[in-house]
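What follows is the residue order along each chain.
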Amino acid sequence: MDKNILQQIILDQRGSFEKQKKVVLRKFPEDLIRNKKITVISGVRRSGKSTLLKELAARYENYYYFNFEDERLLDFSAADFNVLYELFLSMYGEQKTIFFDEIQNIFGWEKFVRRLFEEGYKIFVTGSNAKLLSSELATSLTGRYLKIELFPFSFGEYLVFNGFLPKKVYTTNEKAKLVNYLKKYFDYGGFPEVVLSQSEEELKQLYQDILIKDLIVRFKIKDGKSFRELALFLLSNSGTKISYNNLKKILNFKSVTTVKKYVELLESAYLNFTISKFDYSLKKQIVNDKKVYSIDTGLISHVAFSFSENRGRVLENNVFLELKRRDEEVYYDFGKKEVDFLLKKGRIITMAIQVTTELNKENRERELAGLTEAMQKYDLKEGFVITMDQEENIKNKTGVIRIIPVWKWLLV
């Protein structure tokens, strides 16, 4: 690649990176700064990885920065890494901290990063595809990195971005404002740029970019039409159980293997997640139906195919995403009754959670029965029902069921 063009890209990107922007401090382990290992930040496209890098860079007096998602880098190859390194040295002198954005776009990146790491550099790396990152991390960087996943804004981050600081007690007016923010958050989700624009078109474009740029083009998917149909079906059925066999029949795929591969690719780009039915037998976990969730409720509200508003589905999806942000190991359970979420640490189930917009005469017995069954089965003294705005404690023969408003639970 032409050295002069590469130098211009470095200058342009550095200028853009250092421009003042409205930044919400994201939650991340402080060990990312203190340790000498390579820090890998992965997450869906436009979730704020570059902004997090900016936040981290502010802690360093000097550093190198380069973003590999630049249309001028179409001819960049592994052979150009050393040219990039030489330009860094000539333009900024020797610095010991490097920030690389979307580096998985370049084949062979891990060998270059490993060399810099062994020369004593502290390196931060971001990427939007778990599949590409994980394969290279596993082969060349084992034991040399720490990895975190970055999601779109949590509700707490969303409030701070909008200038509303969460606290323990609210006035009537503050509570009304909080609830209004919650509705908007559920409707448009937490992608930072969409939080600013409140644009349905931007959400649709983001969805297409993930499908096309991060998946169809990158993995050379030939049957793009079937792949898109599967992606839309999963997005439109968030919170429901799926099986690869049923997806094959419904969407007329030729093989279950193709369906499984496509679902895994969608997960690798963080567009969807699947969770298993809990069982102490790993074999049974693998063969049982999965439940599917989306990366963002804005996509469910404005991209998914739906005849009517489904607040319950959006509520459950947001609870799931918050559990992922808290790095919980999540399952669902189904005995005589279903429980939306079980949390596990080691071999022990630590919590059971039911999600419903409200407890009323029609669903109260069913929702509480499922939770009570899970509490008895896993010897839990507490169970939780997350609703839109109800709060109550109910004693049963096992322990206490705590009914909590979602806005309060999200801000714990």
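You'll find the structure just up there.
Before going into details, it helps to say that this report is about the structure given with it. (Residues numbered from 1 in each chain as written. Predicted model: local features only at pLDDT ≥ 70, side-chain atom pairs only at ≥ 80, totals over all residues. Heavy atoms only, no water.)

**Topic: the packing of aromatic side chains**
Then comes step 1: This model, assessed by the stated rule, comprises 35 aromatic pairs.
Then comes step 2: Residues Phe155 and Tyr185 carry aromatic rings whose centres are separated by 5.4 Å and whose planes lie at 45° to one another, so their mutual orientation is tilted. With a gap of 30 residues between them, Phe155 in helix 7 (residues 155-161) and Tyr185 in helix 8 (residues 172-188) connect regions that are remote in the sequence. Pair check on accessibility: Phe155 and Tyr185 agree, each one buried.
Then comes step 3: Taking NZ or CZ as reference, Arg14 lies 4.9 Å from the ring centre of Tyr92, over its face. (Phe/Tyr/Trp six-rings, centres within 6.5 Å; stacked < 30°, edge-to-face > 60°. Helix = DSSP H or I, 4+ residues; strand = E, 2+ residues; numbered from the N terminus. Buried < 20%, exposed > 50% of the residue type's maximum accessible area, 1.4 Å probe, protein only. Lys NZ or Arg CZ within 6 Å of the ring centre and 35° of its normal.)

**Observations regarding helix 16 (residues 311-325)**
Then comes step 1: Compared with an ideal rise of 1.5 Å per residue, which puts 15 residues at 21 Å, helix 16 spans 21 Å between its outermost C-alpha atoms and is within 8% of the ideal.
Then comes step 2: The buried fraction of helix 16 amounts to 11 of the 15 residues, a majority that puts the element mostly inside the structure.
Then comes step 3: Directly beyond the C-terminal end of helix 16, a positive phi value near 60° is found at Asp327. (Expected span 1.5 Å × (residues − 1).)

**Let's talk about the nonpolar core**
Then comes step 1: Counting 75 residues, the largest nonpolar core has Phe155 and Phe341 as the members making the most contacts within it.
Then comes step 2: Every residue in contact with Phe341, bar those within four places of it in the chain, is listed here: Ile275, Tyr293, Glu316, Val319, Phe320, Leu323, Val330, Tyr331, Met351, Ala352, Ile353 and Val355.
Then comes step 3: If you look at the next biggest cluster of nonpolar residues, it comprises 29 residues, including Ile9, Val40, Leu116 and Tyr121. (Core = buried A, V, L, I, M, F, W, Y, C linked by side-chain atoms within 4.5 Å. Contact = heavy atoms within 4.5 Å.)

**Regarding the sheet that holds strand 9 (residues 329-334)**
Then comes step 1: Spatially, the 6 strands line up as an open sheet ordered 9-10-11-12-14-13, and their pairing is mixed. Either end of the sheet is taken by a strand with one partner, and the two such strands are strand 9 and strand 13 (392-395). Going across the sheet, the axis of each strand differs from the next one's by a mean of 25°, ignoring polarity.
Then comes step 2: Taken together, the 3 bridges between strand 11 (residues 348-355) and strand 12 (residues 382-387) define a ladder with parallel strand orientation. (Pairing = 2+ DSSP bridges. Axes fitted to C-alpha atoms, helices over the stretch in contact; angles between N-to-C directions.)

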